[in-house]
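# Analysis of the macromolecular model
One-letter residues, chain by chain:
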Amino acid sequence: DTGLLFYFSSICRQNNTGTRAGTNRASLPPATESRILDTVNRMEDDVGGEKSSFIIGIIENRAKEVGLAAFDLRSASLHLSQYIETSSSYQNTKTLLHFYDPLMIIVPPNKLAPDGMVGVSVLVDKYYSASFVKYLPLFIPHSQEERVPFMEVHMSTIVIFLVVHGDTMCQGAVLVKDLAAKEPSALSLDTYYKQYYLCLAAASATIRWIEADKGVIITSHSLVVTFNGSFDHMSIDATSVQNLELIEPFHSNLLGTSNKKNSLFHMLKTTTTVGGPKAVLFVTDGAQNLSRERTRLLRANLLQPLKDIETINARLDCLDELVSNEQLFFGLVQVLRKFPKETDRVLCQFCYKPKKITNEVLAVDSSKRSQMLISSIILLKTALDALPLLSKVLKDARSFLLANIYNSICENEKYASIRQRIGEIIDEDVVHARVTFIALTQQCFAVKAGIDGLLDIARRTFCDTSEAIHNLANKYREDFKLPHLKLPFNNRQGFYFSVPKKDVEGNPPSKFIQVVQHGNNLHFSTLELASLNMRNKSAAKECFMRTELCLEALNDAIREDVSVLTLLAEVLCLLDMLVNSFAHMVSNRPVDRYNRPQFTEFGPLAIDAGRHPILESIHNDFISNSIFLSEASNMVIVMGPNM
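This one's a predicted model, so the numbers in the text were calculated from it and none came from an experiment.

## Quick notes on the overall build of the chain
Helix and strand counts for the chain come out as 26 helices and 15 strands. Burial statistics for the chain: of 643 residues in total, 52% are counted as buried. Within the chain, contacts between residues at least 6 apart in sequence are counted, and of these 71% link residues at least 24 apart.

## Focus: the sheet that holds strand β13 (residues 521–525)
Here three strands make up an open sheet; going across it, the order is β11-β13-β12 and the pairing antiparallel. This sheet does not close on itself; its edge strands, each paired only once, are β11 (497–500) and β12 (513–518). On average, each strand axis in the sheet is inclined to that of its neighbour by 25 degrees, with strand direction left out of account. Note: β11 against β13, four bridges, orientation antiparallel. Within the sheet, the bridge partner assigned to serine 498 lies in β13 and is histidine 523.

## Topic: the environment of alanine 609
Mapped onto the elements, alanine 609 comes out in strand β14 (residues 605–610). Sequence spacing of alanine 609 and isoleucine 627 is 18 residues, and the spatial spacing of their C-alpha atoms is 8.1 Å. Among residues more than four places away in sequence, those in contact with alanine 609 are Ser624, Asn625 and Ser626.

## Observations regarding the packing of aromatic side chains
Enumeration according to the criterion identifies 13 aromatic pairs in this entry. For the pair phenylalanine 497 and phenylalanine 524, a centre-to-centre distance of 5.6 Å together with 40 degrees between the ring planes defines the contact as tilted. Note that phenylalanine 497 is positioned in strand β11 and phenylalanine 524 in strand β13, a separation of 27 residues in sequence. You'll find phenylalanine 497 and phenylalanine 524 in the same group, each marked buried.

## Digging into the packing of helix α23 (residues 453–479) against helix α24 (residues 527–560)
Where α23 meets α24, the axes come as close as 8 Å, and the angle between the chain directions of the two elements is 155 degrees. Comparing the axis directions of α23 and α24 gives the class roughly antiparallel. As for how α23 packs across α24, the hand of that crossing is left-handed. Mapping the contact onto sequence places Leu454, Leu455, Ala458, Arg459, Thr461, Phe462, Thr465, Ser466, Ala468, Ile469, Leu472 and Tyr476 in α23 and Glu528, Leu529, Leu532, Asn533, Arg535, Asn536, Ala539, Ala540, Glu542, Cys543, Arg546 and Thr547 in α24. Tallied by class, the residues present in the contact of α23 with α24 amount to 13 nonpolar, six polar and five charged.

## Description of unusual backbone geometry
Positive phi, close to 55 degrees, is recorded for glutamate 245, a residue that is not glycine. Here glutamate 245 shows up in the loop between α10 (238–243) and α11 (252–255). A residue is classified by how much of its surface remains accessible, and glutamate 245, at 19% relative accessible area, is buried. Located in the positive-phi region is lysine 481, a residue other than glycine, with phi close to 55 degrees. Inspection of the secondary structure assignment puts lysine 481 in the loop between α23 and β9 (489–490). The class for lysine 481 is exposed, based on a relative accessible area of 66%.

## Some points on α23
Spacing of three or four residues puts side chains on the same side of an α-helix, whose turn is 3.6 residues. For α23, which comprises 27 residues, the first-to-last C-alpha distance of 39 Å matches the rise-based estimate of 39 Å (1.5 Å per residue) to within 8%. As for α23, its buried residues are in contact with α22 (436–444), β10 (494–495), β11 and α24. Its side-chain oxygen placed 2.9 Å from the backbone nitrogen of leucine 454, aspartate 452 serves as the N-cap of α23. Taken from the residues just after α23, lysine 481 is the one with a positive phi, measuring 55 degrees.

## Some words on the pattern of salt bridges
Enumeration over the complete set of coordinates arrives at 13 salt bridges. With its nearest N and O atoms 3.2 Å apart, the salt bridge here joins aspartate 385 to lysine 381. Remark: lysine 381 and aspartate 385 occur in helix α19 (residues 366–394); sequence separation between them is four residues, near one turn of the helix. Put simply, glutamate 428 and arginine 419 hold a salt bridge, and the shortest N to O gap is 2.9 Å. Arginine 419 sits in the buried class, given a relative accessible area of 15%.

## Considerations on the side chain of glutamate 548
With respect to the helices, strands and loops of the structure, glutamate 548 is situated in helix α24. With a relative accessible area of 7%, glutamate 548 lands in the buried category. At 2.5 Å, the side chain of glutamate 548 forms a polar contact with the side chain of serine 370.

## Regarding the pairing of strand β1 (residues 54–60)
Counting buried positions along β1 yields seven of seven residues, so the element is predominantly enclosed. Both faces of β1 are covered, namely the face carrying Phe54, Ile56, Ile58 and Glu60 and the face carrying Ile55, Gly57 and Ile59. Relative to strand β2 (residues 65–72), β1 runs antiparallel, the two being bridged by seven bridges. Each residue of the ladder has a partner; that of phenylalanine 54, found in β2, is aspartate 72. The antiparallel hairpin formed by β1 and β2 contains four residues in its connecting segment, where lysine 64 sits at a positive phi of about 65 degrees. Here β1 runs beside strand β4 (residues 104–107); their pairing, made up of three bridges, is parallel. Bridge pairing in β4 places isoleucine 56 opposite isoleucine 105.

Conventions and cut-offs
Residues numbered from 1 in each chain as written. Predicted model: local features only at pLDDT ≥ 70, side-chain atom pairs only at ≥ 80, totals over all residues. Heavy atoms only, no water. Helix = DSSP H or I, 4+ residues; strand = E, 2+ residues; numbered from the N terminus. Buried < 20%, exposed > 50% of the residue type's maximum accessible area, 1.4 Å probe, protein only. Contact = heavy atoms within 4.5 Å. Pairing = 2+ DSSP bridges. Axes fitted to C-alpha atoms, helices over the stretch in contact; angles between N-to-C directions. Phe/Tyr/Trp six-rings, centres within 6.5 Å; stacked < 30°, edge-to-face > 60°. Parallel < 35°, antiparallel > 145°, perpendicular 65-115°, else oblique. Left-handed = near helix turned anticlockwise from the far one by under 90°. Nonpolar A, V, L, I, M, F, W, Y, C, P; charged D, E, K, R; others polar. Expected span 1.5 Å × (residues − 1). Polar contact = N/O pair within 3.5 Å; in protein donor to acceptor, adjacent residues only side chain to side chain. Salt bridge = Lys/Arg side-chain N within 4 Å of Asp/Glu carboxyl O.

Fair warning: the whole summary comes from geometry, so function is off the table for now.
Right under this line is the structure:
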């Protein structure tokens, strides 16, 4: 989120075809290109659920200056931090590790690190198990001109070289410049790469390890790169996070999980938007409405609050407009519901390209790989179809932040160009669906008719077998007097029969096989259904394979503009947080219950009749408190639990 406001204020530059040093950017064979979806799927398995998806690299020098690079696998973003540890306990590093909650940590091993440069490694050894810590040997050049390995991975697949000193720009800066979606001038790498050499070294090691371990190449100009310096955000240590109940309630272990929502994070995460008497009623749970990436953005803003006054005021101006303009607020609520929840995950899939063929990749079912590719294209089409609605809602927005989003997204011609390319191949009637068989059918018929003759034949076979299966169900309803017989579908079994147990008198007919009781229903199959299922699955696999071949060129064309897709994902995350969390929180309370704060550079801090938002949601009546803090009066004792 660092500098996100300025990220929206300028349109991302058009991607060029530059190549990274030592990396072949040539087009890959179609069969190899599609394997990236398997790799992304494996990474999704690694970071499933609400767990973190960060890989972190850390290094320090003798001056106790620490460089940290955090790579988010799910959102394809790189967060760099460089700071000086002022205490022997490495409190800043502990805070960042608690904030990112990484899947893997990459550090130099103690035995090879020079004297005075082992603090970070010792910290990691003490607080983290060895199962997710990777040790990379560390070497320091004796002279400025000498070029020696800085970090080396003990794998046969890759060795990382990094020049830390000398006249040549370090490879970490070159790597980050090549991968960043922003202009290099916006990242200030041309001027400050020597100042940030530690975090850039950590970034180089982290990226190289990811590419070696995951078997991918990160596409040029696809990453959201941010420098998280102390001048942008405020760091809150882990103890204060717990005491302030920002993420989890302080007494959750004592009171049980039912008390989990009594924290600031879960209170803002829960979204219930109710319109007026003439408005449409929306009641949604935040855990379902907010995507994982947008939920993590909310968590990041609570754990590392912004302290840049200009950015804070821009967000407050945006909230003022959302609260005062009901048409804009409810318009954005409805438009955001049009975008698929998986938009951020799908858009980031285009940031990766396959690097090598591994036994694990080859073992994956090719039809599943094809389905993922087709599903990604359909989800992207659904998201781009919703952009005109977003443009209509934001057209008259006056706040600086919303106006910049309109200029950067809604008036960006690249999105229309991508949508046009998709429309040349994908059928206009195809939409994203969550029902399993409907989604399967949409994927089979995603490509327009007439583009591939063999695909049209496979579709005909798929339709014939699907119709035969439904006719068989009708026949069984009549033959066995089972009017309530149903025909469910799942990806593992295909079609199967389900009937209430009370409708079957005595033992099931001998024709029914694989009979299993699920609650009050009996699930079963027959030899005829099993035969039709095999033919139906075979036809669907043929559809997926032929569709994948038709989409290869389109996939390459979309990857050329991956930076604008990354920007779209960031915008949707920020809008969702501002609208469905912050604006809803304010608008759902009585008038004048929440007031806009005024920020100054040097204080003082003055709160008039302040109320704790969590206690306010629990108790209807409690005494508010007023606070005044300044250089002359810098300590206040508050009696009671209200504050």
